[in-house]
Amino acid sequence: MSVVIDSVSVDCPAKTNLTLHVGPSHAEWGGRHELDTIYCAVGVYDTVTATRKAPGTGFSLNLEGAYLGDLASSVSDMRRNHAVLALFAMAEASGHEPDVALNINKRIPVSAGMAGGSADAAATILALNALWNLDWPIERLRKVASTLGADMPFCLTGGYARGTGFGERIEQLDDDGDIVRGLKERGFAGRLLVGAYRAELRTPEVYATFDQIGAGKADDNHLQKAAIALHPRSGQAIEEALHAGARQAFVSGSGPSVIAFVPTDDIAAAVQAAWQDSCCVDRIIATSAPARPIVHITA
Ligand SMILES: C[C@](O)(CO)[C@H](O)COP(=O)(O)OP(=O)(O)OC[C@H]1O[C@@H](n2ccc(N)nc2=O)[C@H](O)[C@@H]1O
Ligand SMILES: Nc1ncnc2c1ncn2[C@@H]1O[C@H](COP(=O)(O)OP(=O)(O)OP(=O)(O)O)[C@@H](O)[C@H]1O
């Protein structure tokens, strides 16, 4: 006899791409491009709480957080929120009614290249897997997630992973395996600063610009040149960070956010000062990588 759970909270981390190699787009993938990417979850978390509601009362959605971007005015199209899309997809897949109250406490910058929407969808999937006592394995949850968006399957597990296909085929990477060890030796681990912006970039527009201008010669992120063309301040933030001693500095996914890995207190302080003095970012978030989702059974 399973215990009746009334409420589950999930802290789900944002994602960045340590490498993002972009190939041709495929009509059968809805125009999405072939990718070969190393995903890495970073310690900026959204918290989604799913609470059981009376049968037949339908879903509800509440958003909180100081930086909701275009989401703040999205009350009208709540049904398009990625967390709500995930609720309906899980209800369909499991035969449950979507009588659930969703509360999202947003800390991940919106439309920032950090998969904030995908993180909220993944958090909802993980929360419902517990709330409805489904106890499905990750592969089954990934199948549901991949119908909703390219980044969502990765967001279910976090850590480091290689993504192929349009990003939905995930090969989880061992933290002490050869690939991750190599990444750590190149400085892609530990303490980092996120340079965040009020401005938002639409992912389809960044890919379309990539189709026109291609990738920068030495860029590990093939979307970086396009993101900087659309949002030049991101390029300035990368230059300032590298000049101030950052081990790595790059546009996160489709941008505009910039990630700078800063291994020591001195380097972190120097990058923070350089970004503040040059006003090339609007907000700085200090955190670390890798990170993983945390599920809390709250009632
Ligand atoms: C830029 C990345 O964040 C890197 O991880 C992802 O590729 C984007 O993932 P996402 O935001 O979940 O993207 P989706 O919601 O699946 O698709 C949004 C739009 O981004 C473009 N898109 C996305 C993924 C992909 N492999 N190729 C694309 O061209 C397409 O125009 C697509 O219609
Ligand atoms: N829960 C949500 N959180 C953030 N954005 C959402 C959410 N639901 C729907 N959206 C919509 O999705 C769009 C993309 O949001 P998101 O924050 O995932 O962008 P992103 O971080 O740039 O994505 P990616 O890194 O995958 O390119 C936003 O413009 C927003 O309107």
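What counts as what
- Residues numbered from 1 in each chain as written.
- Chains lettered and ligands numbered in written order.
- Predicted model: local features only at pLDDT ≥ 70, side-chain atom pairs only at ≥ 80, totals over all residues.
- Heavy atoms only, no water.
- UniProt positions renumbered as here; feature names shortened; annotations may be inferred.
- Near = heavy atom within 4 Å.
- Polar contact = N/O pair within 3.5 Å; in protein donor to acceptor, adjacent residues only side chain to side chain.
- Areas by Shrake-Rupley, 256 points an atom, 1.4 Å probe, with all protein chains shown as cover.
- Helix = DSSP H or I, 4+ residues; strand = E, 2+ residues; numbered from the N terminus.
- Nonpolar A, V, L, I, M, F, W, Y, C, P; charged D, E, K, R; others polar.
- Domains from an automatic or database assignment.
- Contact = heavy atoms within 4.5 Å.
- Salt bridge = Lys/Arg side-chain N within 4 Å of Asp/Glu carboxyl O.

For the chain, an unreviewed UniProt entry supplies the name 4-diphosphocytidyl-2-C-methyl-D-erythritol kinase and the organism Bifidobacterium ruminantium. In its Sequence similarities (unreviewed entry) section, the UniProt record describing the chain reads: "Belongs to the GHMP kinase family. IspE subfamily." In its Pathway (unreviewed entry) section, UniProt records this for the chain: "Isoprenoid biosynthesis; isopentenyl diphosphate biosynthesis via DXP pathway; isopentenyl diphosphate from 1-deoxy-D-xylulose 5-phosphate: step 3/6."

## Topic: the site of ligand 2
In the vicinity of ligand 2 there are 20 residues, among which Ser 111, Ala 115, Asp 151, Thr 203 and Ser 254 approach most closely. Contact distances for ligand 2 include 2.9 Å between a nitrogen atom and a backbone N or O atom of His 82. Residue Arg 202 places a side-chain N or O atom 3.2 Å away from an oxygen atom belonging to ligand 2. Burial of ligand 2 by the surrounding chains reaches 85%, relative to a free accessible area of 600 Å². With three residues, the single largest contributor to the shell around ligand 2 is helix H2 (residues 116-131). Of the residues in the shell around ligand 2, the class split is five nonpolar, eight polar and seven charged.

## Some thoughts on the domain arrangement of the chain
As far as domains go, the chain holds domain 1 (7-174) and domain 2 (187-289). Taking only C-alpha atoms, the centre of domain 1 and the centre of domain 2 are 23 Å apart. The interface of domain 1 with domain 2 comprises 25 residues on the first partner and 29 residues on the second. The interface formed by domain 1 and domain 2 includes zero salt bridges. At the surface where domain 1 touches domain 2, the tally comes to 13 residue pairs in polar contact (both at pLDDT 80 or more). Sorting the residues of the side of domain 1 that touches domain 2 by element identifies strand E1 (7-25) and strand E2 (33-52) as the ones contributing at least two each. With eight residues, E1 is the largest single contributor of residues to the side of domain 1 that touches domain 2. The residue makeup of the side of domain 1 that touches domain 2, split by class, is 14 nonpolar, nine polar and two charged.

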